[in-house]
Amino acid sequence: MTEAANQTQTPNAAPNPEAEPMTIDIWSDVVCPFCYIGKRHLELALDEFPHAADVTINWHSFELDPQTKAQPGTDLIDMIAAKYGSTREQAIAQHEQMEAQAAAVGLDFNWRAATPGNTFDAHRLIQLADTLGLADAAEERFKKAYFSEGVNVEDHAELRRLAAEIGLPSQDVDRVLDSEEFAREVRSDEAAAQRLGVTGVPFFVVDNKYGISGAQPVDYFKAALDQVWQSEHAAAPVLKDPLAGASGATGAAGTSADDADARGIETSAPACGIDGCN
């Protein structure tokens, strides 16, 4: 990530001043359904993680389709079917399945009202939100707006409204939307994802070493958090792969997320990429 890392500290118990913080870097797109579901799965796992106060989350930009442009009146299902070569019935079935998965963790995936659009400017505002400690709030609000409320997240008027709800100063929002500010940070995140070999999101890197791909189940995240903590943060770390049999991406300690070693990533969990969601 860039120097202005998107950092959100989890709010559970008080931080332990003697513990090294755990970092979780997340690549995500605003209009990615499994990114929304994966975000909630991780949050539910953190709710039960005893060291959650010592976890810092860093958000990174990722565009599933940088060339997308909003087309008023466009039907999401027709667009998906045409783009990925499926039938309308297949696209509907896929979205109904994602709707059920979202509902299982309390999310309203109102795909029938979704308005496809470009997310570049939304990502730039998330980068702005990061500088004010509001990146997580921006990720949540933009995703909810798109998935639950049918908001066109390319529309600047809508982005200004959402940014105000998050608490971003209007003059800063106007400055960003009227310029190319934070474009370099967005592109830097995407370049880092490319170096990691990331082709689908959500994608998580824990402690700059352990890669987790896709919207893994809550229990998976809970086990991964526990094992990485024991391996990397406990007073007497266990000498085993923290994600053995799970994700298992191991790299050199002390590197940045931009340079983390992402070999051996688990790819069986649902994710979205340039070829669609599966």
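Residues numbered from 1 in each chain as written. Predicted model: local features only at pLDDT ≥ 70, side-chain atom pairs only at ≥ 80, totals over all residues. Heavy atoms only, no water.

### Some remarks on the pattern of salt bridges
Applying the stated criterion across every chain yields a total of 24 salt bridges. Among the ionic pairs, Arg141 bridges to Glu165, the shortest N-O distance being 2.6 Å. Taken as a pair, Arg141 in helix α5 (residues 135–149) and Glu165 in helix α6 (residues 156–166) lie far apart in primary sequence, 24 residues in all. Here Arg141 falls in the buried class, since its relative accessible area comes to 15%. A salt bridge links Arg161 to Glu158; its shortest N-O distance comes to 2.9 Å. With Arg161 and Glu158 both in helix α6, this residue pair falls 3 residues apart, about one helical turn. Residue classification places Arg161 among the partly exposed residues on the basis of a relative accessible area of 34%. (Salt bridge = Lys/Arg side-chain N within 4 Å of Asp/Glu carboxyl O. Helix = DSSP H or I, 4+ residues; strand = E, 2+ residues; numbered from the N terminus. Buried < 20%, exposed > 50% of the residue type's maximum accessible area, 1.4 Å probe, protein only.)

### A few points about empty space enclosed by the protein
Scanning the model with the defined rule gives 3 cavities of 30 Å³ or more in all. Size it by volume and the largest cavity reaches roughly 40 Å³. The wall of the largest cavity is formed by Ile24, Leu42, Phe204, Val206, Ile212, Phe221, Ala224 and Leu225. Tallying contributions element by element places helix α9 (residues 218–232) first for the lining of the largest cavity, with 3 residues. In terms of residue class, the lining of the largest cavity is made up of 8 nonpolar, no polar and no charged. (1 Å grid on protein atoms, 1.4 Å probe; cavity = no way out; pocket = protein on both sides within 12 Å on 5 of 7 lines; lining within 4 Å. Points joined across faces, edges and corners; volume = space filled by probe spheres on them. Nonpolar A, V, L, I, M, F, W, Y, C, P; charged D, E, K, R; others polar.)

### Quick look at helix α1 (residues 33–47)
Given a rise of 1.5 Å per residue, 15 residues ought to cover 21 Å, and the 21 Å separating the end C-alpha atoms of α1 matches this to within 8%. Summarising burial for α1: 12 of the 15 residues are buried, a large majority. (Expected span 1.5 Å × (residues − 1).)

### Quick look at α6
Those residues of α6 that sit buried are Leu159, Leu162, Ala163 and Ile166. Across the axial projection of α6, the buried residues extend over an arc of 105 degrees, all falling on one side. Exposed residues pointing more than 90 degrees away from the buried face of α6 are listed as Ala157 and Ala164. In the core, the buried residues of α6 are packed alongside α4 (120–131), α5 and α7 (170–177). Remark: Gly167 follows α6 within two positions and exhibits a positive phi of approximately 110 degrees. (Arc of directions from axis to C-beta. Contact = heavy atoms within 4.5 Å.)

### A look at unusual backbone geometry
For the peptide bond that leads from Val201 to Pro202, omega is 10 degrees, which places it in the cis range. In this structure, Pro202 sits in the loop between β4 (200–201) and β5 (203–206). Notably, Asp207 is not glycine yet its phi reads approximately 55 degrees, a positive angle. As for its position among the elements, Asp207 is in the loop between β5 and β6 (210–213). By relative accessible area, Asp207 is classed as buried at 12%.

### Brief notes about the packing of aromatic side chains
Counting across every chain of the model gives 7 aromatic pairs. With centroids separated by 5.6 Å and ring planes inclined at 20 degrees, the aromatic side chains of Tyr36 and Phe147 adopt a geometry described as stacked. You can see Tyr36 sitting in helix α1 and its partner Phe147 sitting in helix α5, a full 111 residues away along the chain. When the centroid spacing of 6.0 Å and the interplanar angle of 80 degrees are considered together, the rings of Phe49 and Trp229 count as edge-to-face. Remark: Trp229 occurs in helix α9 and Phe49 occurs in the loop between α1 and β3 (55–61); sequence separation between them is 180 residues. Each member of the pair, Phe49 as well as Trp229, carries the same accessibility label: buried. Ring-pair connections join several aromatic residues into one group, and the members of that group are Tyr36, Phe109, Tyr146 and Phe147. (Phe/Tyr/Trp six-rings, centres within 6.5 Å; stacked < 30°, edge-to-face > 60°.)

### Some words on the layout of surface pockets
Its volume calculated, the largest pocket comes out at about 450 Å³. Around the largest pocket, the lining is made up of 28 residues, and of these Leu76, Met79, Ile80, Tyr84 and Cys277 lie nearest the centre. For the lining of the largest pocket, the secondary-structure elements that each account for two or more residues are α2 (76–84), α3 (88–103), α5 and β8 (276–277).

### A few points about the environment of Gln90
As for its placement among the helices and strands, Gln90 is situated in helix α3. Along the sequence, Gln90 and Ile77 sit 13 residues apart, while their C-alpha atoms lie 9.3 Å from each other.

### Looking at the nonpolar core
Ranked by size, the top nonpolar core spans 53 residues in total, and within it Trp27, Phe34, Leu125, Phe142 and Val201 carry the most contacts. Core analysis: the second largest hydrophobic core is formed by 22 residues, Met22, Val55, Ile57 and Val228 among them. (Core = buried A, V, L, I, M, F, W, Y, C linked by side-chain atoms within 4.5 Å.)

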